[in-house]
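# Fold and contact review
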Amino acid sequence: MKPKTNASVNKVQAFISLNKSLKVLAYNDAAKSFFLNSLNVDFEIDLYFPDLFKVHSLPIKEKLEKAFKGNMEMYDISSEEFLYEPFRITISPVIEENDSFSKLSVSIVSLVTADDFSSQQEPMLRAIIDNLPDYIFVKNREHKSVLSNRKFRENILKEDKREAGYGLTPLDYFEDEKGKAIIADNEKVMRTGKPVINRPDIVINKKGEEERVLLTKVPLKNEENEITGLVGIARDVTTNYKQEKKKELILKIIKSFGDSSTLREAMEETLRLLCTELGFDYAEAYKISMNKNNLIRTAFWPLDQDLSGKDDYCTYEMGDGLPGQVWEEKELKAINHRTGLLKNMLFDGEKPLKSAVGFPVVYKNKIVSILCFGAIEENKEIETQFLKEVSIQIASVIESKKSQDQLSDFFHYSLNLIAVVGLDGFIKMVNPSFEYKFGYSKDELLSLPFIEFIHPDDLEKVLQAMNELEVPKSKFEIRCRKKDGSYLWISWRFSRFFEDENVVYVFGTDITPLKKAYDELSAQIFEKEKVQDKLQLSEEKYRSLFDVSSLPMWVLDREQLRFLSVNQAAVDLYGYSREEFLKMKVQDLWAPNQEKRINKIVEENHDDFFKVKVKHITKAGNFLYVIVKSNPLTFDGIKARVSLVNDVTAMVKAEEKLQNSEKRFKALVQEGSDLISIVDCQYNYIYNSPASQWVFGLVPLKIKGTNFRDYIHKDDIGRVDEFMAYLKTSKRVQLPSYRIKNVDGEWRWIETIVTNLKDEEAVGGIVMNSRDITEFVEQERKLIDSVKRYDIVAKATTDIITDYDIEKDKVTINEAASKMLGFTAEEIGKNGAWWDEKIHPADYKYVKELSQKMIEERIKNLTIEYRFRCKDGSYKHILDRSYLLTDKNNIPKRIIGSMQDITERKKYLIEIENHNKRLKEIAWTQSHVVRAPLAKVMGLVDLLINYKDDLGNVDELLENILNSANELDEIIRKIAVQTEEQL
């Protein structure tokens, strides 16, 4: 057993920082002392932390890994195998700017008595939060500081003492306006209990620099769940913010190169963007000359501020000026006006540049440009690292732009024919060689379909290539017409098809002289070898047709229908390789439920031509609709048949869409409730949909030939004719609502849209889409009558009529409100809050509780009394009767109410109550005050009657009776006067 340690070791507070690999990053002196004295370990950077604890290594490792998930973990070690005292390890994750946990903060304290450990908690927590990189503060309910960490004290309070700031409010360390705003924000959190999470904010640190932070404020609650304050954490995300700003700037620079037509325009925009972002006033860009002897200026900004002091052709030699020095040293260089290099560079003609920076833009170890920036500010901050990172992106886009310019030069100055051809049949772009070769202007070439320039005999060949979207792999030679009518033989080469732009790039060479020589030579050879090569030529043509055909072709064994050969088009369409095809039968391509039908056709035409429509399945599982044309032949001594396959999938799907469209249209016309009619120029019915039975009560045949105007009410026909006349100038007109008489003699209201399709061959008349709106018109009339009645009632009554929209919190009132309350309609407005604030404070809670209960419990009727403040500040007693309106789902939507002024009635009731109170007082007086002297009189009279013979003081008794009678008389007189006053 090792000896006990001294007291200082018992109360050790060791702090260690660990990385993701659980290795030591940093530690304090107490940690080194603890491991040396307690574990006999020479503690140092990069040690694997769990291995230091021997048998406890595995559980400690598990705790550390859990902490990286965002949990705080603790582990107690009480074994005395290698320790002086038991101790506790506390593990806390450290949050980075990107919300991840890449480090751990580990503290080690000795396990002493509970009281001792409790006393150590506060210093330990303070040490932890003081070492966190975030701003941390705690406020009480009076907005006074209770706790703050070192970063908050140093940067906000500008003090480092731990007790600094205690009891201070934001008004003590911020400007008045900012302090009030922060207090209001804190109060909102503590009042509502709703936290603020990761809200972007800005902090000015002790250096005067802006720090971008994400601010979080969380209310603190006691055991009774009362909010007693709040805790705030502001995480510094300045680095991330700057990275995002850098990315945004780079994207803008890249976009400027894409949007600009020349490199000069792109560089000018780049200089503008960098000056704006980095706060420079002037900038120039240079490139190295082709002979590498000097620098040539390519751009400057602002465009109206040329501060070079040189002619238009501004150049520098190596080592000359700031650009030349950057070229010579090949690295970033910053200067000020004391160097003399900024002499006579006056911004706006009067403000001298006092500082500048230049840096090379390098692409693959080659300087492609040099950028120089100047500022009026003398001590302009230079963001060196930012400029170096941006220069890499600028170098890349400059090289890309140069390549584009070189490609443009090649396009314009090439002697070959270069063009962009669209699959819509028009040439989109040509180089100048076209105008030279063919004699047409550029506008003529681009305004006519390109088939206008193709020899008629070559036209089919060109159209087939277009329809199949296939770029010829071999040379493509056709004759193209010049403006004088002659033709040139052109050998065309094609790029791949660009599907997004729907274009193909073509490159042509004039081979007319070669073609003439070749034709002459071919004619001579052909005459000599015509007979001997006839058979061979025929076979080659056949095989060539088979191999190069753009349509899929194959050869099948006539008996088993096994594949003997397939061309490339079949391989491309079906996705099988040639080797896979040769192991298959054609039946393997057939979709289910076709075999019986196809086999019958094949058997009936075993040795003849046949044509059949088949549904095939590709290797990828896609369905194809094809038309197969098959001819019998002998292939390598085998009875076979060659088949040509035409993919008609798109046509079949189009037909299906057309059929479905026709079905939908038929259903719309035949089954729809709207009446669709066609009339001629005299408005005689040519056609009516079945809906005529619903509108007229007649089947379409009964209406055909009758006139549209004959059914219209005489009062409406004038307006209908007026609108029908608009068809002379407009294709579509909506008629005003009108009445027609049906077969039962009823007048029905109709709404019609008229379209003039007389010139449409398929229609040949005026189309009328009509619908019966009789019910709508009747409902509209009822609604108008109802509104009129409401207006009459609203005007007749002295009560305030209210219509409250619950969702919008809007109140609509009648004119009585202004008369009763004294406010104008504009002062009242429609805001529900306006009404709430006028309720007497003593009645407000009672009224709002009942109103909320009405909405929540769907109470239909509610009657309440309360006091309501008028414009002059007085209060009126209001009797409010409300009715709740709900939708079909019983959701409250509106409350209709009336507010009656019962102030006078209320006064009468109060006066009656006071009067009754005084009468009660009089009655009490009669029953109690009068009773006393009367009782005396009655007692004395009883003595005189019953004991007169025994009494010796009769005179005294009579005198007492008189006194009591006088007292009673006085009381009765007072009651009489009091009663007369009350009545």
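For the structure given in this document, a descriptive report is provided here. From a predicted model like this one, the values you see are computed outputs, not experimental measurements.

The rules behind the values
Residues numbered from 1 in each chain as written. Predicted model: local features only at pLDDT ≥ 70, side-chain atom pairs only at ≥ 80, totals over all residues. Heavy atoms only, no water. Helix = DSSP H or I, 4+ residues; strand = E, 2+ residues; numbered from the N terminus. Contact = heavy atoms within 4.5 Å. Salt bridge = Lys/Arg side-chain N within 4 Å of Asp/Glu carboxyl O. Buried < 20%, exposed > 50% of the residue type's maximum accessible area, 1.4 Å probe, protein only. Patch = residues over 30% accessible without salt bridge, like charges linked within 9 Å, V, L, I, M, F, W, Y side chains within 5 Å. Areas by Shrake-Rupley, 256 points an atom, 1.4 Å probe, with all protein chains shown as cover. Lys, Arg positive; Asp, Glu negative; His and termini not counted. Charge placed at Lys NZ, Arg CZ, Asp CG, Glu CD. Pairing = 2+ DSSP bridges. Axes fitted to C-alpha atoms, helices over the stretch in contact; angles between N-to-C directions.

### Regarding unusual backbone geometry
The residue after W301, namely P302, is reached through a cis peptide bond having omega 0°. Positive phi, normally seen in glycine, also occurs at D809, with a value near 55°. Structurally, D809 is set in the loop between β35 (800-805) and β36 (810-813).

### Regarding the side chain of E73
Structurally, E73 can be placed in strand β3 (residues 73-77). Every residue in contact with E73, bar those within four places of it in the chain, is listed here: K63, K66, A67, I89, T90 and I91.

### Some thoughts on the pattern of salt bridges
All chains considered together, the criterion is met by 40 salt bridges. Between K151 and D236 there is a salt bridge, and its shortest N-O distance comes to 3.7 Å. Placement of K151 in helix α5 (residues 150-157) and of D236 in strand β10 (residues 227-236) is noted, with a sequence separation of 85 residues between them. K151 sits in the buried class, given a relative accessible area of 17%. Here the salt bridges share partners, and the residues they tie into one network are D185, R199 and K217.

### Points about a negative patch on the surface
Together, E209, E277, E377, E381 and E383 line one region of the surface with negative charge. Checked against the element boundaries, E277 lands in helix α9 (residues 263-278).

### Regarding the sheet that holds strand β8 (residues 196-204)
In space, the five strands of this open sheet follow the order β7-β6-β10-β9-β8, with antiparallel pairing throughout. Both outer strands of the open sheet, β7 (145-148) and β8, are each paired with one neighbouring strand and no more. If you compare each strand with its neighbour and ignore which way they point, the axes differ by 25° on average. One ladder, built from three bridges, connects strand β6 (residues 135-140) with β7; its direction is antiparallel. Note that in β7 the partner of F137 across the bridge is S148.

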